[in-house]
Amino acid sequence: MSRTLAEIDYSVDEMKLASFAKALGHPVRIQIMKILTNQSCCYTGDLTEIIPLAQSTISQHLKALKDAGLIQGEIIPPKVKYCLNKENWPIAQALFKEILKL
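Keep in mind that what you see is a predicted model, and the values were worked out from it rather than measured.

Participant: Summarise the pairing of strand S2 (residues 71-76); cite the residues concerned and give the values.
Facilitator: Here S2 runs beside strand S3 (residues 79-84); their pairing, made up of 6 bridges, is antiparallel. Looking at S3, one finds that Ile76 is bridged to Lys79. Connecting S2 to the antiparallel partner S3 that follows it, the hairpin turn spans 2 residues.

This is the structure in structure tokens:
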């Protein structure tokens, strides 16, 4: 008898990887992660100069990345400074490498 997805026990790593993958499931979010990988931090306004979208749209994508723990934000009025989450980003990289056998 097969079980439903809710009845399957997933490992912590499987749950983390799924969360990271979901957050990276949009091209704009991948662009943001590439930008943050190549520089220590940036401000929301800086991203609107690089990515031709409204600040509100970029903010939504930043929120998804932040909620997944891939980035962190610090409010420095009137802006928000975003950086890679130095704890979770290496974990995400390792989990993706493992699943992709890199």
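Participant: Help me get a handle on the packing of helix H1 (residues 12-23) against helix H5 (residues 88-100), residues and values and all.
Facilitator: The N-to-C vectors of H1 and H5 enclose an angle of 100 degrees; their axes lie 10 Å apart at closest approach. As far as their axial angle goes, H5 and H1 are roughly perpendicular. Contacts between H1 and H5 involve Asp13, Lys16, Leu17, Phe20 and Ala21 from the former and Asn88, Ile91, Ala92, Leu95, Phe96 and Ile99 from the latter. Looking at side-chain class alone, the contact of H1 with H5 contains 8 nonpolar, 1 polar and 2 charged residues.

Participant: Which residues make up H1, and what values do they have?
Facilitator: The end-to-end C-alpha distance of H1, which contains 12 residues, comes to 17 Å, matching closely the 16 Å that a straight helix rising 1.5 Å per residue would cover. All of the buried residues along H1 are Leu17, Phe20 and Ala23. Projection of H1 onto a plane perpendicular to its axis shows the buried side chains occupying an angular sector of 125 degrees, all on one side. The inward-facing, buried residues of H1 contact helix H2 (27-38), helix H4 (55-67) and H5.

Participant: Could you give an account of unusual backbone geometry, naming the residues involved and the relevant values?
Facilitator: Across the junction of Pro77 and Pro78, the peptide omega takes the value 5 degrees, indicating a cis bond. Relative to the assigned elements, Pro78 resides in the loop between S2 and S3.

Reading the values: the criteria
Residues numbered from 1 in each chain as written. Predicted model: local features only at pLDDT ≥ 70, side-chain atom pairs only at ≥ 80, totals over all residues. Heavy atoms only, no water. Pairing = 2+ DSSP bridges. Helix = DSSP H or I, 4+ residues; strand = E, 2+ residues; numbered from the N terminus. Axes fitted to C-alpha atoms, helices over the stretch in contact; angles between N-to-C directions. Parallel < 35°, antiparallel > 145°, perpendicular 65-115°, else oblique. Contact = heavy atoms within 4.5 Å. Nonpolar A, V, L, I, M, F, W, Y, C, P; charged D, E, K, R; others polar. Expected span 1.5 Å × (residues − 1). Buried < 20%, exposed > 50% of the residue type's maximum accessible area, 1.4 Å probe, protein only. Arc of directions from axis to C-beta.

Function-wise, these values are silent; they only describe arrangement.
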